[in-house]
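# Architecture at a glance
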Amino acid sequence: MELSLSLKYIPILITALIVFAIGAAMVIINWILAPKRPYPEKAIAYECGLPPTGEPRHRFDVKFYAIAILFVVFDVEAVFLYPWAITFDQIGFFAYVEMVVFIALLLVAYFYAWIRGAFQWD
């Protein structure tokens, strides 16, 4: 006898409730037990153990954002490659050709960014 669709998701719901309860319990216990001794040094911004310099709200160079976006793009590539590599023996030659095209497009984008100087930090 097959379980109904709603009964199949009960273990997931129970797990989600347990995770939520544990997270909430940790926050509440910390809020109750943590020492509350505020002083001015706790209120300042932390900057690698050094006293903060300059304004806390300064503009970042556009190259910082470009490097961050490039990192995300090539990190997503790794996310796509992992499941493909795990199921490589089951997906066939067509999926192999698709992955070669995907990697070729990413290489073209990588070399374009390299030629345009996106990886230079001057």
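Residues numbered from 1 in each chain as written. Predicted model: local features only at pLDDT ≥ 70, side-chain atom pairs only at ≥ 80, totals over all residues. Heavy atoms only, no water.

## Some details on the overall build of the protein
Condition: Only DSSP runs of H or I with at least four residues qualify as helices, and only runs of E with at least two residues qualify as strands; both kinds are numbered from the N terminus onward. Burial classes follow relative accessibility: with a 1.4 Å probe on protein chains only, a residue under 20% of its type's maximum area counts as buried, one over 50% as exposed, and anything between as partly exposed. Any two residues whose heavy atoms approach within 4.5 Å are treated as being in contact. For the accessible areas, the method is Shrake-Rupley and the probe is 1.4 Å, while residue cover comes only from the protein chains on display.
On a plain count of helices and strands, the protein comes out with 6 helices and 0 strands. Counting from the amino terminus, the protein carries its helices and strands in the arrangement α-α-α-α-α-α. Looking at the protein as a whole, 7% of its 122 residues qualify as buried. Residue pairs in contact within the protein that sit at least 24 positions apart in sequence constitute 52% of those at least 6 positions apart. Within the structure as shown, the protein displays about 11400 Å² of accessible surface, and the carbon and sulfur contribution to it stands at 73%.

## A few points about the packing of aromatic side chains
Which entries qualify depends on this criterion: The rule is short: rings of Phe, Tyr and Trp, with Trp giving its six-membered ring, pair when the centres are within 6.5 Å, and they are stacked under 30 degrees, edge-to-face over 60, tilted in between.
The tally for this structure, following the rule as stated, stands at 8 aromatic pairs. Their ring planes at 65° and their centres at 6.0 Å tell us that Phe-88 and Tyr-96 sit as a pair that is edge-to-face. Judged by relative accessible area, Phe-88 falls into the partly exposed class, the value being 38%. Residue classification places Tyr-96 among the partly exposed positions, given a relative accessible area of 38%. Taken together through their ring pairs, the aromatic side chains of Phe-74, Tyr-110, Phe-111 and Trp-114 make up a single cluster.

## Describing helix H6 (residues 93–115)
Here is the rule: One less than the number of residues in a helix, times 1.5 Å, gives the span that helix is expected to have.
With 23 residues, H6 should reach 33 Å at 1.5 Å per residue; the first-to-last C-alpha distance of 33 Å fits that figure. Among all positions of H6, only Ala-95, Met-99, Leu-106 and Ala-113 are buried. Buried-residue contacts for H6 involve helix H4 (62–86) and helix H5 (88–91).

## Quick notes on the packing of H4 against H6
When two helices pack together, their arrangement is given by the angle between the helix axes and by the axis-to-axis distance. Heads up, the condition is: Axes here mean lines fitted to C-alpha atoms, for a helix over just the part in contact, with angles spanning 0 to 180 degrees between N-to-C directions. Convention used here: angles under 35 degrees read as roughly parallel, angles over 145 as roughly antiparallel, angles from 65 to 115 as roughly perpendicular, and any remaining angle as oblique. Note on convention: the crossing is left-handed when the near helix lies turned anticlockwise from the far helix by less than a right angle, right-handed when the turn is clockwise. When residue character is reported, Ala, Val, Leu, Ile, Met, Phe, Trp, Tyr, Cys and Pro are called nonpolar, Asp, Glu, Lys and Arg charged, and the others, Gly included, polar.
At a closest axis distance of 12 Å, the pairing of H4 and H6 adopts a crossing angle of 165°. Taken as axis vectors, H4 and H6 run roughly antiparallel relative to one another. For the pair H4 and H6, the crossing hand works out as left-handed. From H4, Leu-70, Val-73, Phe-74, Glu-77, Phe-80, Leu-81 and Trp-84 reach across to H6, where they touch Ala-95, Tyr-96, Met-99, Phe-102, Ile-103, Leu-106, Tyr-110 and Ala-113. Here the contact of H4 with H6 is built from residues that sort into 14 nonpolar, no polar and 1 charged.

## Remarks on a nonpolar patch on the surface
Applicable threshold: Residues form patches when they are more than 30% accessible in relative terms and have no salt bridge. Like charges link within 9 Å. Nonpolar side chains (Val, Leu, Ile, Met, Phe, Trp, Tyr) link within 5 Å. Any carboxyl oxygen of Asp or Glu that lies within 4 Å of a side-chain nitrogen of Lys or Arg is treated as forming a salt bridge with it.
Together, Phe-88, Ile-91, Phe-93, Tyr-96, Val-97, Val-100, Val-101 and Leu-105 line one region of the surface with nonpolar side chains, adding up to about 730 Å² of accessible area. Looking at the nonpolar patch, the elements that each hand over two or more residues are H5 and H6. Broken down by element, the residue count for the nonpolar patch peaks at 6 residues, all from H6. Within the element layout of this structure, Tyr-96 appears in helix H6.

## As for the side chain of Glu-77
Operational definition: For the purpose of counting charges, residues Lys and Arg are taken to be positive, whereas Asp and Glu are taken to be negative. His and the chain ends are not included.
For Glu-77, the position within the fold is in helix H4. It is Arg-116 that comes nearest to the buried, bridge-free Glu-77 among opposite-charge side chains, at 19 Å.

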